[in-house]
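Working through the structure, step by step
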Amino acid sequence: MARKNKKHIKISFFIGAVLLSVLVVFAVAGFFYTPYSVEEVNYKLRLSAPSLKHFFGTDNMGRDVFSRVVSGLGATLAVSLGITAIGAGMGVLIGAFTGYFGGIADEIIMRLNDTLASFPSILLALVCVSLFGSGTANVVWVLGVLFIPSYARVVRSEFIREKEKDYVKNAGIYGASHLRIIFLYILPNIKESFFAAIAIGINNAILAEAGLSYLGLGVQPPVPSLGRMLAEGQTFILKAPWVCVFPGAVIMLTVLAFALVSENLESRDYVSVFGAGRKNIRNFYKNTAAFSDVSYESPEKDTLLSVRNLHVAVNDGGELREVVSGLSFDVRSGQSLGIVGESGSGKSMTASAVMKLLGNKAVYAADSVLFDGKELCSIKTKELNELRGSEIAMVFQEPMTSLNPTKKVGKQLADAVKTHVKHKKRNTQVRLNEKNAEETAAADKTSEEVKQIVLSAMKDAGLDDCDRIYNSYPHQLSGGQRQRLLIAMAIALKPKLIICDEPTTALDAEIADKILERLEKLRDEYRLSMIFISHDLSVIGRLCERVIVMKDGIKIEEGSFKEITDSPSHGYTKELVSAGKWHELFGSGKLKSVPAVNENQAAVRKLTENVRASGQKTMICKVENLCVTYDKNTKKELKVFENVDFSVNKGECVGISGKSGSGKTTLLKTLVGMTEYDGKIELSGRALMVFQDPYSSLNPSMKIEKMLDEVQLLQYRQSRKNGKGAEKNSAKNSLPSKSDRRKKSVEMLRKVGLDESYLSRKPAELSGGQRQRTAIALAVITEPELVLLDEPVTALDVTVQEKVLKLLMQLKKDYGLTYLLISHDLNLLEAVCDRIFAL
Amino acid sequence: MYYVKKLLSLTATVILITVLAFLAFSVIPGDAAVLKLGTDATEEQVEALREEMGLNDGVAVRYARWAKGVLSGDFGESSYYNMPTAELLGEKTVTTLWLAALAIIMIIIISVPLAIISSVRENGIVDRIIQFAGQICMAVPSFFLGVLIILVLGLTFKVFTVGGYVSYKDDFGKFIGYMIFPAMAVAVPKIAMTVKFLRSSLIKEKQKDYVRTLRACGTPEFKILAFDVLKNALIPTVTFVGLIIAEVLAGSVIVEQVFGIPGLGRLLVMSVQTRDYSVLQAIVLYIGCTVVTVNCLVDISYHLADPTVRNKR
C-alpha cells in the first residue's frame, strides 16, 4: 500500500527556478562588483542606447543602467526579504497563538487584523512614511508590520483546522505541553501553506517597495531602487525607453519567477488522470485488449446490461494504475446484482464507468458496455444524457454532498425531471410529427405536473412532510432525508436500472436499515433491476440474488448469494463471509448476561451493585453521577448525557454501546480531561486513547520512530512532574537512553505486527490497518492503567477489522491491560467484553 | 437581525477609523502650533497659537470637536494650499472614484468569461495560454504597465494623447475616453488574479458530488455550468473581488501619478511630501470608510447568495 511519493516537477516550476536563480546570482554578485560604478556620472554618454559596452544603455546623467539595475535588484530583494522576515515571523506567532488558544484575545486581534488587512497596504505605508519619515529602515519596518495580518490570517486558519484533528488531541492526552504541541506537532504540518503564503508575500513586498520608490517615498538615495529608476526614466521615455523599461522588466521577471516557483508549492485538490501523460493513456487503451478475459459467453436474451472486459485506470503519482482489470458481468432485467469488495477494490469505479461518470478522474476502456441494446462505449453525449436519469439512475454514497447546497431540493429534483420531459417531448414530436397532437401536449408537462411527479417519488422513497422538504435547502435536512431524496431523484422517472453505490454506508445503522427496507420495497414495486455495491456482504444479501466479489480490481468470484456464503471458494471470500461474526471468532461464552441498560437508572444501579459484589478487584476507574453539558448557560445549551455511573476494574474489558449522538465519544473525552463535566471521576493512573479514524490520529509529518519516542519521553516527564513516580516505581524515574527507547519502540512494533523497517516511515506510507496498529502501539507502549478504545475498528475494512481486534485482545492478555471499548456494534461488544452498558 | 448586526459593526469600525485617523495625525506628529509657526517662533507666540487652536484641551475634547467638524464637512485647513481641505478634495475624489469604477467594471466584464473558457477547456491549449498570460500580467506592477501603455499606445501608435486629461466637468465623453487607459493599467493585474481565482473555484466546484448527481440525471453539461456550478463558484469570488476593490483604489492612486491625472493619488503623494496632515487625515478617512463600506456590502451579498450561511446565523 506504500504510496509513491514521487513529485512531478512541472516545466513552469523549472522555468521559475532557473529565472529566480539567475536573478539572485546577479543580485548577489552586484553587491561586490558592477561593471561601472552606480553613481558614476558621465555627461558625454547621456542617454546612449544599449550596446556591448553598456548592456542596458545609459541614463540622462550617463550612468550605466545595467549596473544600476543589478544593484537595484539586490537592494529590492534585500528589502523585501527583510519585510517578509518581519511580517512572516510575527505573523506566524500571532496566528499560531490566536488560532490555537482562541478566546477573547483571538477575537480582538483578528478584528484588528481584518480592519488593517482591508486597507490597501501601500496607502497605509504612504501614511506611515509621512509620519515616521522615509528611509530604507523605516520602509522595511512599516511594510513588514503591515504585512503581518496576511500571514497571521493564513497561519491562524490552518491552526484552527489542525487543532481539531485527533493527533493533536492525542498529544494532549499524552501530556504534551501547549508550546510543544504548537511548535513540534502543528507547525510542521502547516509548512506547505505557510511557504506558499511567504512566496506570495515576497511578491507583494517587492511590488509594494517598488510602488513606494516609484512615488519617491521608499528607499532613498544613495541606495539604488528599481522603482525610482523607472520614475526618473519616465520623463524621457520616447527618447530613451531603455532607461525605464529595463528596471520595470526586471521587477516583473522577479515577481514572475517567485510566482512560478510558489505555484508548484501549493498542494493540488485532486489529481487529473490526464496528468499521467498522453503516452501512458494511449498505451492503456492499446494494452487493455491484451489482458482480456479468457472467454465470455454472449449475453442472454433478457440481459439488460452486459459489461465485457472493462478496464479503469487512475493517475497514481504520474503513472497510470489500473483499478479495474478485465471485468465482465451481466444484469438481467428484474435481477439484482451485488458487487462486494473492500475499499480500493474498484467497485465504485465500475459503477461510475458504466454511467460514464469518471470525468477526468480516471480513464476507462471496454470491449462492450451494452445497455438495453445500446452500446454505451460509443454512444453520443446527447443520447447518453437521455438515458441517464430516465433509463439508468444512480444513488451515491455521500448524501451530504450529493445535492447542490445553494438550491432548494424540490427545484433540484424538478429540474432533473424536466430535463427528461423535454427529451421525451422532442422524441415524440419527431416520431409522431403532427399526427398526434394530443400526445405531444401530454409530453409538454406543466411545472405543476412535474411537481406532482417529484412529490410522489419523494413519497415513494419514504419521505414524510414532502411539502416542507420540497422547499428546503439540503443543509436543513438530515443525512437520511437527503439519501431518500437522492433515491426519489433516481426513481422519479421509473428507470429500468438503478445503480446504488454504498447508499447506506454514511448513515446510522437504524436509518440505513430503513433505507434498505425502502429499496427492497421499491425494487419489488417497480420491478427494478439493480446493481448494489457494498463492502458489507450482509447488506448485499438483503437485496441481491447474484454477487460478484472483487479484490484489487479483479473479479475473484461470482455466483448466487447462497453459493458464495455457503461455500466460498476463494480465501478472501471466506474472510469476507466470516467478517463481523465476532461470536465465532472470540467465543461468546465469556459474557454471562447482557445487561441492556438503556437510560434505565435501575439497571445502571444493578451494574454498580455487581461491581461492589466483586469488590476484591482493584478499581481503576470510577464514575459517579457524571453529566456533560455543552455551551452551558447559553441559548445553545445541550445536555449530552447525565447521571452516568460505572466503574472499571483492573484487567477488565468494559464495553459501552449506543447510537451515534448518544455521547459515547464525549464520555471518553471527559475521562481524559478534554471536556468540562459535573459529577465525580476517580481515575487511578494514566488513561490513553485509541481514536476511531487512524487517518487523523497520527501526526502526518512525524516518523513513527519519533512518535513512539515522544510518547515515552512525555510519560517520563509527566511521572517526574507528579512526583509520585519516584516512590512507586523507581525504574521509571530515570529517563531511559535514546537507544533503550528505540529498542522498546521496535519491540512494541513487533508486538503489533509491524517491524523495525516501519520506524522510518510516515503515516502517509501506511495502509489503514497499519495506521491503526501504530496508533495502538502508541497507546500501549507506556503501559497505561486504562486504554480507551473509540470504535477502534469501524474505519477499517471488514477483513482488517478482525485482525486488529484479535491484536487488541492479544495485547490485553500479554500486558494485563484494561480496556474501555466503545462501539455501535453490539455483536462485537458481546463477543469481546466482560461487561457492557448502554448510553 | 443579521443586517442590524452588520450595520452596528460597520458603525463601530468607522468610529474606530476616525479615532485612529485623529490620533495618527493630531497626536503623533507633535505640536501642531510649532509645525505651523516653524522653529523660529518665540514661546509666547506658540503658546498663543496653542490656545487659539485649542491644543491645550484634553485629547477627548479635541477629538469631539474634530469629529463634529467632520460631520458638518469641515476637515480643517490645508497647511500647504491654505484652503479648506474639503474644497480641495471634492473634485479630485470624484476623478479617482471614476478611475477605480472603470477598472472594476473592466475586471468583472473581462475576467468572468475568461475564467469560464479557461475552466471548460481545462489543461487545453486555450487554458494554458490564458494561464500563462495571467502569470505575466500578475507580475507587472501597475505603474510599469502604465508606462508601457503610454509608450506603446500613447506615443508609438498615438491611440490617445499623453497628458491630454480632460475634467469630467468639461467633457464627460472625453474624460472617459482618456481614463480608459489608466484604468487598463490598474485592471490588468487584477483581471489576471480574478481569472485565476474564479477558474480554480469553478474547477473545484465541478469536482463536487452534486455535479456528479446532475450528470447522472442526464443534465447537459452547459446547463450544469450555467445554472449550478457558476453560481456556486461566484459566491467565494464575490469576497475575493471585495478584497481587490481596496487594492484597485490603491492602484488608482499610483497610476494617477503615471498618467498625470489630478486625482486623490497625486494629492496624497504631494501631501506626504509636504506633511500636509489635515489633507492626509481627510484622505485616509475617506479611503478607510469607502473600503469598509464596500466590504460590508460584499458580506451582505455573500449572505444573500449562500443559504447555508444565511440559515446558520
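Residues numbered from 1 in each chain as written. Chains lettered and ligands numbered in written order. Predicted model: local features only at pLDDT ≥ 70, side-chain atom pairs only at ≥ 80, totals over all residues. Heavy atoms only, no water.

All names here are of chain B. Segmenting chain B into domains produces domain 1 (14-71) and domain 2 (94-312). Taken over C-alpha atoms, the centre of domain 1 sits 39 Å from the centre of domain 2. Taken together, the contacts link 11 residues of domain 1 with 8 residues of domain 2. It is V14, I17 and F25 that lose the most area in domain 1 upon contact with domain 2, and together they represent 59% of the buried surface on that side. Here domain 1 and domain 2 share 0 salt bridges between them. Counting every contact that joins domain 1 to domain 2 gives 2 residue pairs in polar contact (both at pLDDT 80 or more). Residue assignment for the side of domain 1 that touches domain 2 shows that the elements contributing at least two residues are α1 (2-26) and α4 (59-71). The dominant element in the side of domain 1 that touches domain 2, judged by the number of residues it contributes, is α1, at 7 residues. (Domains from an automatic or database assignment. Contact = heavy atoms within 4.5 Å. Buried area = accessible area lost by both parts, 1.4 Å probe. Salt bridge = Lys/Arg side-chain N within 4 Å of Asp/Glu carboxyl O. Polar contact = N/O pair within 3.5 Å; in protein donor to acceptor, adjacent residues only side chain to side chain. Helix = DSSP H or I, 4+ residues; strand = E, 2+ residues; numbered from the N terminus.)

This part covers the interface of chain A and chain B. When the parts of a complex come together, some accessible area is lost, and that lost area is often taken as the interface size. Contact residues are listed per partner, giving 64 residues for chain A and 64 residues for chain B. In total, chain A and chain B occlude about 5,700 Å² of area from one another, counting both sides; carbon and sulfur atoms represent 68% of this. Where chain A touches chain B, the interface holds 2 salt bridges. For the salt bridge of A:K407 with B:D228, the shortest nitrogen-to-oxygen distance reads 3.1 Å. Here chain A and chain B share 13 residue pairs in polar contact (both at pLDDT 80 or more) between them. Mapped onto the side of chain A that touches chain B, the elements with two or more residues apiece are α4 (121-132), α8 (191-214), α10 (242-263), β7 (392-395), α14 (409-432) and α18 (479-491) of chain A. Broken down by element, the residue count for the side of chain A that touches chain B peaks at 11 residues, all from α10(A). Its residues assigned to classes, the side of chain A that touches chain B comprises 38 nonpolar, 19 polar and 7 charged. (Nonpolar A, V, L, I, M, F, W, Y, C, P; charged D, E, K, R; others polar.)

Bringing the pattern of salt bridges into the picture now. Residue and element names in this part refer to chain A. Evaluated as defined, the whole model comprises 45 salt bridges over all chains. Of the charged contacts, one joins K622 and E624 as a salt bridge, the two residues approaching to 2.9 Å between their closest N and O atoms. The partner of E791 in a salt bridge is K664, with the nearest N and O atoms 3.3 Å apart. Pair noted here: E791 is in the loop between β17 (786-790) and α31 (798-815) and K664 is in helix α25 (residues 664-671), with a separation of 127 residues, a long-range link. Shared partners join several salt bridges into a network, and the residues in it are D59, R63, R68, R228 and E232.

Residue and element names in this part refer to chain A. What the rule picks out here adds up to 5 cavities of 30 Å³ or more. Lining of the largest cavity is provided by Y167, N170, A171, Y174, Y185, S697, L698, N699, M702, M707, V711 and L778. Counting only elements with at least two residues in the lining of the largest cavity, the list comes to α6 (166-174) and α27 (704-722). The element that contributes the greatest number of residues to the lining of the largest cavity is α6, accounting for 4 residues. For the lining of the largest cavity, the class distribution of residues is 9 nonpolar, 3 polar and no charged. (1 Å grid on protein atoms, 1.4 Å probe; cavity = no way out; pocket = protein on both sides within 12 Å on 5 of 7 lines; lining within 4 Å. Points joined across faces, edges and corners; volume = space filled by probe spheres on them.)

Before going further, it helps to spend a moment on helix α11 (residues 264-274) of chain B. For the α-helix, the turn length of 3.6 residues means that residues three or four positions removed from each other point alike. Buried within α11(B) we find B:L264, B:G265, B:L267, B:L268, B:V269, B:S271 and B:V272. Where α11(B) is buried, its residues meet α4 of chain A together with α5 (85-120), α10 (221-259) and α12 (277-305) of chain B. B:R275 sits one or two residues past α11(B) and shows a positive phi near 55°. (Buried < 20%, exposed > 50% of the residue type's maximum accessible area, 1.4 Å probe, protein only.)

Below, the discussion takes up unusual backbone geometry. Residue and element names in this part refer to chain A. Non-glycine residue D372 carries a positive phi angle of around 50°. Counting through the fold element by element, D372 comes out in the loop between β5 (368-371) and β6 (374-375). Unlike most non-glycine residues, E791 shows phi in positive territory, near 45°. The exposure class assigned to E791 is buried, which follows from its relative accessible area of 7%.

So, about the pairing of strand β1 (residues 303-316) of chain A. Residue and element names in this part refer to chain A. Across the 14 residues of β1, 14 count as buried, placing the element largely inside the fold. The sheet contact formed by β1 and strand β2 (residues 319-332) spans 10 bridges and is antiparallel. The partner of D316 across the bridge, within β2, is E319. Relative to β5, β1 runs antiparallel, the two being bridged by 4 bridges. Across the sheet, the residue bridging to V307 is V369, located in β5. Across 4 bridges, β1 lies against strand β4 (residues 362-365) in antiparallel orientation. When the sheet's bridge partners are listed, A313 is paired in β4 with V363. (Pairing = 2+ DSSP bridges.)

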